[in-house]
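So the chains spell out like this:
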2 protein chains.
Amino acid sequence: MTPRPDHEPARRGTLRRDAERNRDRIVRAAQELFAERGLAVGFNEVAHHAGVGVGTVYRRFADKEELIHAALAEPLGELAEAARRAGEAERAWDGLELLLGSITELLVDNLGLRDVALGGGGWRLGRSTVERVADVLRYLLDRARAEGDLRDGVAGDDVMMILWLVTDLAQHSVQVRPRLYRRYLQVLLDGLRAAPDRAPLVEEPTEQQVLAICRRWAGAPL
Amino acid sequence: MTPRPDHEPARRGTLRRDAERNRDRIVRAAQELFAERGLAVGFNEVAHHAGVGVGTVYRRFADKEELIHAALAEPLGELAEAARRAGEAERAWDGLELLLGSITELLVDNLGLRDVALGGGGWRLGRSTVERVADVLRYLLDRARAEGDLRDGVAGDDVMMILWLVTDLAQHSVQVRPRLYRRYLQVLLDGLRAAPDRAPLVEEPTEQQVLAICRRWAGAPL
DNA sequence: GAGAAGCGGATAGCGTGCATCCGCTTCAAC
DNA sequence: GTTGAAGCGGATGCACGCTATCCGCTTCTC
């Protein structure tokens, strides 16, 4: 028999019953792990979490890109949908707050999504979604500027940097205080606004929590 | 002969002339590399950069902690000194701005220093310095609150988180736009203030730069 | 010029992650 | 039931990067 390389993908639908079931398990496991810990999670771990052997994972997915695609198709859709909704806001600034709020929430709750969305195009996947979001962002930013809600000198790229900052913070703090990132998103957004808000700050952390977060951020030092 | 383990430290001053010279080279190399890229730099690289073999490094420094100590003693002093100066400010808020500004600058220009200073106590070294800075910080924060300059609900720990955020940003952007971090430090500080400043934003990045920074932030993805 | 002190860098050990291979199990068509 | 293809598991090999050691050779110093 031809020892067909492990990863040759039998066309979907032609799979044996048990194989189909395993494939689903794998995708679900990947979704969970990627969401929780980002795309750095390895095949071995995905396999174990799905309750199958590594071989089985490689048999269904030629490489990581393919697995990521299967695991992130849906959340990418949500991202695009969030952008669409925000684009319809009456006042552009409200749309911006809504968009930033929902994007960060999506990215924070799914760190794998964050990796592809902010990956600077490093992952081919999802580039079109990112483009769509960026378009809405630019549109809202221009309108908000015209409506006088935007602080002088704010650039579109500032929003990009803020997304990185906030989701990076979130990555280190989710386990300790899931919504802490909102506090600093609030401060940053307030700082981009022409007339500041000064609403009471949300999500005040305890000293314990801050210490724990610092330790995580520093990584296990040696 | 007793094959004295490589790293047994001959007492300083008893070193042979050439050995002394090499030791200095190593410390200088470590200072440079740690400052530029943080404490993750390995012994091998330090050795190579100093123009000596790895063995020579291990002979003088029993472990990484010892080398770090030698390389960071001076910058740690600068940190303490910056805190002292800031504590003497007339108005507490000015002291805070000064302190945050100089701390971030020191930490950004020396990423190794950042690693020990923010390391959540993971590195024994420098704990006393960090304590001293924290004391000044608390003192200024209390005074600023009393003087009515601080936004309601700002906690001392917020400053800690801001230091992490800003220096983390800096870590990914120094190579591209060395002072970009000032822009977001400005926004964040503005957000902690009772009456906002709205000074024109500094250091506007180009689209090119933002893209480059994102790519670095994402790491080389695979 | 002798011997202690110092040197370099090959090498071993370790941890992590990707990818493959192959003997065994399970399915499903007959 | 039988049988052969499809599928399975996970040990295994490879590559990488870092720490740490060892030992034959060189250099300094008295």
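Just so you know, these numbers come straight off a predicted model, no measurement behind them. (Residues numbered from 1 in each chain as written. Chains lettered and ligands numbered in written order. Predicted model: local features only at pLDDT ≥ 70, side-chain atom pairs only at ≥ 80, totals over all residues. Heavy atoms only, no water.)

Novice: Tell me about the overall build of chain A, residues and numbers included.
Specialist: Of regular secondary structure, chain A possesses ten helices and zero strands. Listed N to C, the secondary structure of chain A is α-α-α-α-α-α-α-α-α-α in terms of helices and strands. Looking at chain A as a whole, 50% of its 222 residues are labelled buried. Here the analysis covers contacts within chain A between residues at least 6 apart in sequence; of these, 68% occur between residues at least 24 apart. When the accessible surface of chain A is totalled, it reaches about 10900 Å², and 49% of it is carbon and sulfur. Positive and negative side-chain charges of chain A, numbering 32 and 35 respectively, have mean locations separated by a distance of 6 Å. (Helix = DSSP H or I, 4+ residues; strand = E, 2+ residues; numbered from the N terminus. Buried < 20%, exposed > 50% of the residue type's maximum accessible area, 1.4 Å probe, protein only. Contact = heavy atoms within 4.5 Å. Areas by Shrake-Rupley, 256 points an atom, 1.4 Å probe, with all protein chains shown as cover. Lys, Arg positive; Asp, Glu negative; His and termini not counted. Charge placed at Lys NZ, Arg CZ, Asp CG, Glu CD.)

Novice: So what's going on with the packing of aromatic side chains? Which residues, and what values?
Specialist: Per the counting criterion, the structure on display carries four aromatic pairs over all chains. Taken together, a centroid distance of 5.0 Å and an interplanar angle of 15° make the contact between W164 of chain A and W217 of chain B stacked. Separated into two different chains, W164 of chain A in helix 8 (residues 156–173) and W217 of chain B in helix 10 (residues 207–218) make up a pair that spans both. Residue class for W164 of chain A comes out buried when judged on its relative accessible area of 1%. You can call W217 of chain B buried: its relative accessible area is 9%. (Phe/Tyr/Trp six-rings, centres within 6.5 Å; stacked < 30°, edge-to-face > 60°.)

Novice: How would you sum up unusual backbone geometry? Please name residues and give values.
Specialist: Phi is positive for R198 of chain A, which is not a glycine, with a value near 60°. Along the chain, R198 of chain A falls in the loop between helix 9 (181–192) and helix 10 (207–218). Positive phi values are uncommon outside glycine, yet E203 of chain B reaches one of about 60°. Inspection of the secondary structure puts E203 of chain B in the loop between helix 9 (181–192) and helix 10. Assessed through its relative accessible area of 26%, E203 of chain B is described here as partly exposed.

Novice: Break down the interface of chain A and chain B for me, citing the residues and quoting the values.
Specialist: The partner chain B presents 45 residues to the 46 residues of chain A that form the contact. Overall, the association of chain A and chain B removes approximately 4100 Å² of surface from exposure, summing both partners, and the carbon and sulfur fraction of that is 65%. Contact with chain B buries surface across chain A, with R151, M161 and R198 of chain A losing the most and accounting together for 17% of the total. Applying the counting rule to chain A against chain B returns four salt bridges. Residues R151 of chain B and D190 of chain A are paired through a salt bridge, measuring 3.1 Å at the closest nitrogen-oxygen approach. The interface formed by chain A and chain B contains 16 residue pairs in polar contact (both at pLDDT 80 or more). Of all the secondary structure elements, the ones that give two or more residues to the side of chain A that touches chain B are helix 6 (111–118), helix 8, helix 9 and helix 10 of chain A. The element contributing the most residues to the side of chain A that touches chain B is helix 8 of chain A, with eight residues. By residue class, the composition of the side of chain A that touches chain B is 25 nonpolar, seven polar and 14 charged. (Buried area = accessible area lost by both parts, 1.4 Å probe. Salt bridge = Lys/Arg side-chain N within 4 Å of Asp/Glu carboxyl O. Polar contact = N/O pair within 3.5 Å; in protein donor to acceptor, adjacent residues only side chain to side chain. Nonpolar A, V, L, I, M, F, W, Y, C, P; charged D, E, K, R; others polar.)

Novice: How would you explain the relation of the copies chain A and chain B if you had to name every residue and give the values?
Specialist: Expressed as a screw operation, the relation of chain A to chain B combines 0.1 Å of axial shift with a rotation of 180°, fitting to an RMSD of 0.1 Å. In the structure described here, the two chain copies are related by an operation that fits a two-fold rotation axis. Interface overlap between copies is the fraction of interface residues in one copy that are interface residues in the other; for chain A against chain B it reaches 98%, indicating a shared surface. (Least-squares fit on C-alpha atoms with pLDDT ≥ 70 in both.)

Novice: Mind laying out a positive patch on the surface, listing which residues take part and the relevant values?
Specialist: Residues and elements named next belong to chain A. Together, R17, R21, R25 and R28 line one region of the surface with positive charge. Along the polypeptide, R25 turns up in helix 1 (residues 17–37). Overall, the relative accessible area of 36% leaves R25 in the partly exposed class. (Patch = residues over 30% accessible without salt bridge, like charges linked within 9 Å, V, L, I, M, F, W, Y side chains within 5 Å.)

Novice: Run through the packing of helix 8 of chain A against helix 10 of chain B, naming residues and quoting values.
Specialist: For any two helices packed against each other, one specifies the inter-axial angle together with the distance between the axes. The interhelical angle for the contact between helix 8 of chain A and helix 10 of chain B, taken along N-to-C directions, is 20°, at an axis separation of 10 Å. Classified by the interaxial angle, the pair formed by helix 8 of chain A and helix 10 of chain B is roughly parallel. The element helix 8 of chain A and its partner helix 10 of chain B pack so that their crossing is left-handed. On helix 10 of chain B, the residues that touch D157, M160, M161, W164, L165 and D168 of chain A of helix 8 of chain A are E207, V210, I213, C214, W217 and A218 of chain B. Counted by class, the contact of helix 8 of chain A with helix 10 of chain B contains nine nonpolar, no polar and three charged residues. (Axes fitted to C-alpha atoms, helices over the stretch in contact; angles between N-to-C directions. Parallel < 35°, antiparallel > 145°, perpendicular 65-115°, else oblique. Left-handed = near helix turned anticlockwise from the far one by under 90°.)

The quantities given are spatial measurements derived from coordinates; they are silent on function.
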